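Examination of the molecular architecture
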Amino acid sequence: MKKYGQAEYAYGIMKQISEKLLANGTLTQQQFKQLDSKNKQECFDKFCTALSV
């Protein structure tokens, strides 16, 4: 059985973490954009989504 919503949830958590790293100066804006893009791609590739049906 495939569950939906996992990709969105995982991506949301990863984005929150990335935003906190950006806010405290650990990441630059460019690094944040790259990390966000990679996180999004990985989450949506790894978990089944309604878009893949």
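To be clear, the structure that these remarks concern was listed above.
All figures in this text were calculated on a predicted structure; none of them were measured in a lab. (Residues numbered from 1 in each chain as written. Predicted model: local features only at pLDDT ≥ 70, side-chain atom pairs only at ≥ 80, totals over all residues. Heavy atoms only, no water.)

Let's shift gears to the side chain of Ser 18. Structurally, Ser 18 is set in helix α1 (residues 6-23). Residues contacting Ser 18, with those up to four places away along its chain left out, are Leu 27, Phe 32, Leu 35 and Asn 39. (Helix = DSSP H or I, 4+ residues; strand = E, 2+ residues; numbered from the N terminus. Contact = heavy atoms within 4.5 Å.)

Attention now goes to the side chain of Asp 36. Relative to the elements of secondary structure, Asp 36 occurs in helix α2 (residues 29-46). In this structure, Asp 36 is buried with no salt-bridge partner, the nearest side chain bearing the opposite charge being Lys 15 at 4.0 Å. Setting aside residues no more than four positions away along its own chain, Asp 36 makes contact with Tyr 11 and Lys 15. (Buried < 20%, exposed > 50% of the residue type's maximum accessible area, 1.4 Å probe, protein only. Lys, Arg positive; Asp, Glu negative; His and termini not counted. Salt bridge = Lys/Arg side-chain N within 4 Å of Asp/Glu carboxyl O.)

This part takes up the environment of Gln 6. Structurally, Gln 6 can be placed in helix α1. When its relative accessible area of 34% is taken as the criterion, Gln 6 is described as partly exposed. With 41 residues separating them along the chain, Gln 6 and Phe 47 place their C-alpha atoms 6.2 Å apart.

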